[in-house]
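# Report on the structure
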Amino acid sequence: MLHTVMAFLPLAFLIVYALKTRKMADAMVLATLLAVLLVHRQHFFTGLIDAMYTTLGNSSYQFALCSILGFGGMISLFQASGGLMGFRDLLAKAANTPRKTLLLAWLLSVIMFVDEYLNALTTTICLRDVSDKNRLPREHLAVQTNIMACCLCVTVPFTSWTAFSVGLISDFGLGFTDYLQAVPFMFYPLAMMLVSLLMALGWFPKVGMLRQAYHRVASGGAVFEPGEKDEKLVDIDEVDEHNVSSAWNAIIPLAALVGGTVLFDNDLLHGIIVCLVVQFLLYVIQKRMTVGEYFARFFSGVKGMTTIAVVVGFGLMLSDANRTLGLFDILINGIGGAVPRCLIAPLAFVLVGLTVFAVGGCWAVMTIAIPVFIPMGLAAGVAAPLMIAAAAGKTGFVGYLIDNGAKVDKRYYQGGTAMHRAALGGYTDVISSLIDAGANVNMPDVDGMTPLMIAAKNGHRFTVELLVRRGADVNFRNVKGETALDIANKYRYKEIARFLQNEGGRAKSPDSGKEASDGGNQGLGLDIDDWNDTEFDW
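Quick caveat, the model's predicted, so the values are computed rather than measured.

Time to look at the confidence of the model for the protein. The pLDDT averaged across the protein works out to 78; a share of 81% of its residues lies at or above 70. Counting interchain partners and residues more than four positions distant, the pLDDT-below-50 stretch residues 391-406 has 46 contacts. In the predicted structure, residues 510-538 sits below a pLDDT of 50 and forms 54 contacts with residues beyond four places in sequence or in another chain.

Okay, structure coming up:
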């Protein structure tokens, strides 16, 4: 019972603190520190540093970090060039009524689909003055822009969000094709984009606070009433409305961003670099800014995105810590088994939606939601695209690969197998599928580490129990002469150590090091050079 409470504590703290304070960054950092403390206890500082290094080495975070900071620099340069204000003046000629203004904002959002932050900032900067002149409540422009920015970034398969999400689901053997197949099931974002268009046309009723805003403006009130200042995860300098240049200073770099992305196999980072190079050439040659001013504005924009970049990083750290605490195992094996298959996808949608609303951010929430709902849904037989669409999907894909001739014991870098990767993540259902397909439960990697040892090292208690039940050798020794019990003791996972001891596990004897060094690779059947030449190939 205590183990379950500890597993849920960091996530509960995150939601409660974020709801109470509306400070997403503070909540994420504090929840992560709490989770690391529960995992490492007296070794908190060492564990925290290790978690930071692990996150910095995570390819999904590397992509998120580069794209977020790149967009920050790009947006700041757009503002300094005066191109956005020139684009605003161009749009203002056509946006001479409230309806036309909202329609232009809707179309501009479609054009700026590639990233939600770039979309939201560009659309609002270009059209807020035009909107004010046409006596539109600023709330309508804000809600429409946010709907379009977020929904387009999810449903268009060539965006920063798609790339980040594909990076997360790749840990489960899924990829771009699976995400693409999920798009038709994304009913909510598709419906909301239609609703925002109908609202712009005046064919959908205004409700709630938006309706109150229209009443305020109709009665002679201000089009914009500043409320309480919420936390700013993105802190880009206010645009100078008097700095106006040709609209081409915005159009050409934006075209370069989209074109560069498509040209380089839909790689958004290539598109960002191409756009920054085009901005440099365009603005410096025109003498809109000097080389020094270019880099000063670029780094100013990068600085403004630091908070959101750090929050996403801590979100990945929290996800790893939650996995070690056993939260994902509890949810997958406990709740997943109790919920009817037909309700798993709707449950994922509701819970993820409420969590995003509570904490005020989506990128970091996905680092927690995807590792829970993907294996939960597919373990119950729910189609992967449907679970991805609801924010969840893996074991079923592994089963598909196995059914189509996947080599379950094929080695990849350093001699690991699919079983090692599943043990690393604590994916019990995947491990069961692999064993059922004939995978060797005691296969060691180049360091003599078996899946059982990997699971023990990462604190996956349910995975350890499953492996032992399915025939894992509790006394197999790695090249250091360590058993799974030694490893559990080393990383202070007391419950795992107690379980292994009850299953007959023995700790390393003082003189066992020589035996391990002489025969640690028992039964491997490969030279070290052979290990390094192997590849992971389904």
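The terminal C-alpha atoms of helix α15 (residues 291-304) lie 20 Å apart, and with 14 residues this matches the ideal 20 Å at 1.5 Å per residue to within 8%. When we look at burial in α15, the residues that qualify are Y294, F298, G301, V302 and G304. Buried residues in α15, looked at end-on, bunch into an arc of 160°, giving them a common side. More than 90 degrees from the buried face of α15, the exposed residues found are G292, F299 and K303. Its buried side turned inward, α15 meets α4 (59-81), α14 (268-285) and α16 (306-325).

A few words now on helix α25 (residues 461-469). Across the 9 residues of α25, 7 count as buried, placing the element largely inside the fold. Listed in full, the buried residues belonging to α25 are R461, T463, V464, E465, L466, L467 and V468. Just downstream of α25, G471 is the residue with a positive phi angle, here 105°.

So, on to the packing of aromatic side chains. For the coordinates displayed, the defined rule picks out 8 aromatic pairs. Residues F280 and F295 carry aromatic rings whose centres are separated by 6.3 Å and whose planes lie at 50° to one another, so their mutual orientation is tilted. Of this pair, F280 sits in helix α14 while F295 sits in helix α15; the two residues are 15 residues apart in sequence, bridging distant segments of the chain. Judged by its relative accessible area of 26%, F280 is partly exposed.

Attention now moves to the pattern of salt bridges. Per the counting criterion, the structure on display carries 4 salt bridges. The partner of E495 in a salt bridge is R461, with the nearest N and O atoms 3.1 Å apart. Pair noted here: E495 is in helix α27 (residues 494-502) and R461 is in helix α25, with a separation of 34 residues, a long-range link.

Cut-offs and rules
Residues numbered from 1 in each chain as written. Predicted model: local features only at pLDDT ≥ 70, side-chain atom pairs only at ≥ 80, totals over all residues. Heavy atoms only, no water. pLDDT = per-residue confidence, 0-100. Contact = heavy atoms within 4.5 Å. Helix = DSSP H or I, 4+ residues; strand = E, 2+ residues; numbered from the N terminus. Expected span 1.5 Å × (residues − 1). Buried < 20%, exposed > 50% of the residue type's maximum accessible area, 1.4 Å probe, protein only. Arc of directions from axis to C-beta. Phe/Tyr/Trp six-rings, centres within 6.5 Å; stacked < 30°, edge-to-face > 60°. Salt bridge = Lys/Arg side-chain N within 4 Å of Asp/Glu carboxyl O.

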